[in-house]
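# Coordinate inspection notes
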Amino acid sequence: MTNGKLDSKVPPGPLEKKWQEHCFNSKLIAPNNRRRFEIIVVGSGLAGASAAATLSEQGYRVKCFCYQDSPRRAHSIAAQGGINAAKNYQNDGDSVYRLFYDTIKGGDFRAREANVHRLAEVSVNIIDQCVAQGVPFAREYGGLLANRSFGGAQVSRTFYARGQTGQQLLLGAYSALVKEIKNGGVQMFPRTEMLDLVVVDGHAKGIVVRNMVTGEISSHAADAVLLCTGGYGNVFYLSTNAKGCNVTATYRAYKRGAYFANPCFTQIHPTCIPVSGDYQSKLTLMSESLRNDGRVWAPKSRETAARIREGKMSPVDVPEEERDYYLERKYPSYGNLAPRDISSRAAKEACDDGRGVAPTGLGVFLDFSDSIKRLGEHVIRERYGNLFLMYENITGQNGYKTPMMIYPAVHYTMGGLWVDYNLMSNIPGLFVLGEANFSDHGANRLGASALMQGLADGYFVIPHTLPVYLATIKPGSVTVKNPEFESVRFEVADRTRRLLSIKGKRTVDSFHRELGMLVWDKCGMARDKAGLEEAISRIPALREEFWKNIFVPGQGEQLNQSLEKAGRVADFLEFAELMCRDALAREESCGGHFRTEYQTPDGEALRDDDHFAHVSAWEYTGEDTPPVLHKEQLKFESVSLQTRSYK
Amino acid sequence: MNLKLKVWRQENSSATGRFEQYDAPGIPDDASFLEMLDIVNEKILEKGGDPIAFDHDCREGICGMCSLVINGTPHGPGRATTTCQVYMRHFRDGDTITIEPFRAKPFPILRDLVVDRSAFDRIQQSGGFINVRSGSAPEANAIPIPKNKADLAMDAAACIGCGACVAACPNASAMLFVGAKVSHFALLPQGQPERRKRVLSMVAKMDEEGFGNCTNHYECEAVCPAEIKVDVISRLNREYLAASTLSLIEPLPNAAAEGVA
Ligand SMILES: Cc1cc2nc3c(=O)[nH]c(=O)nc-3n(C[C@H](O)[C@H](O)[C@H](O)COP(=O)(O)OP(=O)(O)OC[C@H]3O[C@@H](n4cnc5c(N)ncnc54)[C@H](O)[C@@H]3O)c2cc1C
Ligand code: FES
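Residues numbered from 1 in each chain as written. Chains lettered and ligands numbered in written order. Predicted model: local features only at pLDDT ≥ 70, side-chain atom pairs only at ≥ 80, totals over all residues. Heavy atoms only, no water.

Let's shift gears to the pairing of strand β16 (residues 364-367) of chain A. Here is the key point about a regular strand: its side chains alternate between the two faces of the sheet. Residues and elements named next belong to chain A. Across the two faces of β16 the burial is the same, with Val364 and Leu366 and Phe365 and Asp367 all buried. Bridge count between strand β14 (residues 295-299) and β16: three bridges; the pairing is antiparallel. Counted as the bridge partner of Val296 is Leu366 from β16. Relative to strand β17 (residues 404-413), β16 runs antiparallel, the two being bridged by three bridges. Its bridge partner being in β17, Phe365 is matched across the sheet by Met405. (Buried < 20%, exposed > 50% of the residue type's maximum accessible area, 1.4 Å probe, protein only. Helix = DSSP H or I, 4+ residues; strand = E, 2+ residues; numbered from the N terminus. Pairing = 2+ DSSP bridges.)

Looking now at the packing of helix α14 (residues 483-502) of chain A against helix α16 (residues 529-549) of chain A. The description of two helices packed together rests on the angle between their axes and the distance between the axes. All names here are of chain A. Direction vectors running N to C along α14 and α16 enclose 75 degrees, while the axes themselves pass 7 Å from each other. Judged by the inter-axis angle, α14 sits roughly perpendicular to α16. Contacts from Arg495, Arg498, Leu499 and Ile502 in α14 reach Phe546, Trp547, Lys548 and Asn549 in α16. Here the contact of α14 with α16 is composed, by residue class, of four nonpolar, one polar and three charged. (Axes fitted to C-alpha atoms, helices over the stretch in contact; angles between N-to-C directions. Parallel < 35°, antiparallel > 145°, perpendicular 65-115°, else oblique. Contact = heavy atoms within 4.5 Å. Nonpolar A, V, L, I, M, F, W, Y, C, P; charged D, E, K, R; others polar.)

As a further point, take the domain arrangement of chain B. All names here are of chain B. For chain B, the domain assignment lists domain 1 (3-111) and domain 2 (117-258). Between domain 1 and domain 2 lies a buried interface of about 1,400 Å² when both sides are counted; carbon and sulfur atoms form 67% of it. Among the residues of domain 1 in contact with domain 2, Ala80, Pro106 and Phe107 are the three that bury the most area, contributing 38% of the side total. Applying the counting rule to domain 1 against domain 2 returns one salt bridge. Notably, a salt bridge pairs Arg117 with Asp55, separated by 3.8 Å at the nearest N-O pair. Taken together, the links from domain 1 to domain 2 amount to two residue pairs in polar contact (both at pLDDT 80 or more). Counted by class, the side of domain 1 that touches domain 2 contains 10 nonpolar, seven polar and three charged residues. (Domains from an automatic or database assignment. Buried area = accessible area lost by both parts, 1.4 Å probe. Salt bridge = Lys/Arg side-chain N within 4 Å of Asp/Glu carboxyl O. Polar contact = N/O pair within 3.5 Å; in protein donor to acceptor, adjacent residues only side chain to side chain.)

Dropping the structure here:
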């Protein structure tokens, strides 16, 4: 498994035994010794909160950081639809192996088998854990847990709490976290943003942070650093992510030597509310679970579409034979539950063909009229009431009476920092969990699997894999007095000063918007060589202008939201280029990465397993030199590589 | 539409604040309230000024971060919505809109419209959890929970912790928030072992943080974006009464009584 400097550390043995045996064979830290180790956890989402709470329960001393005013507000809170687990409560043929297989296939064979199998194995424990914490999952009349279906699966294995599954899971993890804060095991630092990583003698030993209320920049030392900082979807400016989601923590780690893996694997979610104007600050997701009962269609003819766009015709008056239920037509066995990448591209195709229905031409219908006829409005209301309410709030339209309008939007990032089987990056002591790492979803994530991964990493994986590293080091060997801390802290303070001193003419948002539009155009749902090369040549110019012409008001020693945004956008401006370089280097189509040059005659993604069945891990080499690509060859021992078909 | 804004500006927690006027011309109907503020802030920035600071994150009505009092009402017009889910189509051309932070003693202002709600976290720390270690949980379907019980628990658990209830209450009471958390756990079998201790600790902490008492104004329910009903306050009172009465006969063991006034 070794490839140059990339050792995935996947344990030997049969796939289904690897994790158990790894746990058994790994070194432990004795309970009375754990207090000697201090662990930094950056992030309080599902991954961070569950990791911080669990490590504290085990006796480690934990410091946890988040940029929101409370750990309970991490972006995981916004997840709607559900969480997968191979419980097979529905007796419909699910199993650990099937969840593993669906995830590998859903990821278009670009994920690491051993990690994915482990994820499927621990998925069942997650549900037990959450129920014990009091997470009020949906139940059947008999009192047992209910399930729904999600895309890319033919079984019902998704657990949910109305349309607020992420909220309830995060509140569960948050309750575990506050329990440990009370017990004194976790020290919590809200409204504190990590601005750099400190590496001493090749090991991650701490972070530099800014207190977002006082502006104070300070250092924290520890024996290991866990980044649980979520995804970088906001590089596109418009996405379904919370406004504060950023790449700063992972990108700073990248600049300190951590490899960034598969940055071009981004997920465009098929069911979001279409863009309505250029003032728009974010896009809103309509949960994939809606595709259980909603049917996606566009008019068959451009003329009908035009009349709908112009408001001359209501969608409810379009006769059945005039409607193209394109997912059901193209993918009869999965229908409306085809995976996200495929559904998104199909919507784009319909709109590119002139059959889009939103005023901008970028929109298709998600229609509940059949389900309402079959089940009654009250059933639909009970299942998705809050989503319909949200839709009406935003668009002013009633989704029970007229079909919803949807369009794909940036939603999730499969790429992230490279980690080995132990979730450790190539920098010893730096661990990466949740959406921030690259490990489990390959080139496309299946719905309801991110929540599963975040909690798997935090509750069940890291407690077993962190000691593997800790057993090799002496606790407390480095403190913030180490000169490396002083020098990183100085760099951070200096950068802040620079941002504040430019006092140019353009606002942070205007740069962010321009960058977002560029990458959405060139590195969004469809990509090609010429476009990517153009983006790679234009981004540096935009970056240069940013550092000459940005206006950040006020001072550093105060609550300064423009300054916070400026720091994040500065990192996006560098990261965007890396993302495009990765997309350019991957001369194949797979999952969410669709290179128009590489497609089958009927427009499906065309993989090139001979040359690209690898993880692309990028190493930073300096401001003026291009990053170096390292490849981790993916070995498929349990599944055979196939053309992914949902037909 | 063209609007005028009266916005509360305050340098930091120790400074005195004041209202400032801003013009907000050309606001699209379909913009959200926070997008309207974004537009105004861009204009302020273009003139070299200091933009209005306000909290927000998800802009989807779920994280509980946004927290404005719009024309005197926490989260503004419309039932069951957060500030970020208020859309400009609810306003009329020419309107003057007053925008203030959530005001309550336990929520000090940090800057402009940004307040410190960490008191809520501290209340939750005092007992808003079930003591269960990762990995020690029994099989999830081992205890069936009647659907109606689970649904009621979910109704209470839906609280987003925004603090609008406190901002709306003349007494700055946090009883809707605490009642929601206490109800969520009290309704579930998993919550039973720590039921008494939980309610006593959380109420004690709530008082210590300086939140007032409920005197049945029901303003909290009216502004709650998660539609938490005042029933949870009745339940909180019942739980508290039962727990304190029982404690007279059967005191909680010392460790468990920790933090209970
Ligand atoms: C609208 C929406 C709906 C979704 N629905 C589903 C679903 O139904 N099912 C599913 O499985 N997945 C869903 N997802 C995906 C899933 O929610 C996320 O992938 C997952 O919650 C990420 O969890 P996390 O812990 O990795 O990161 P997050 O929850 O994003 O947490 C990141 C944490 O890091 C902190 N942080 C970030 N940067 C810094 C910094 N520089 N300094 C300090 N702290 C920092 C933040 O404060 C936060 O605490 C959805 C995503 C979105 C956007
Ligand atoms: S910004 Fe999250 S609820 Fe309003």
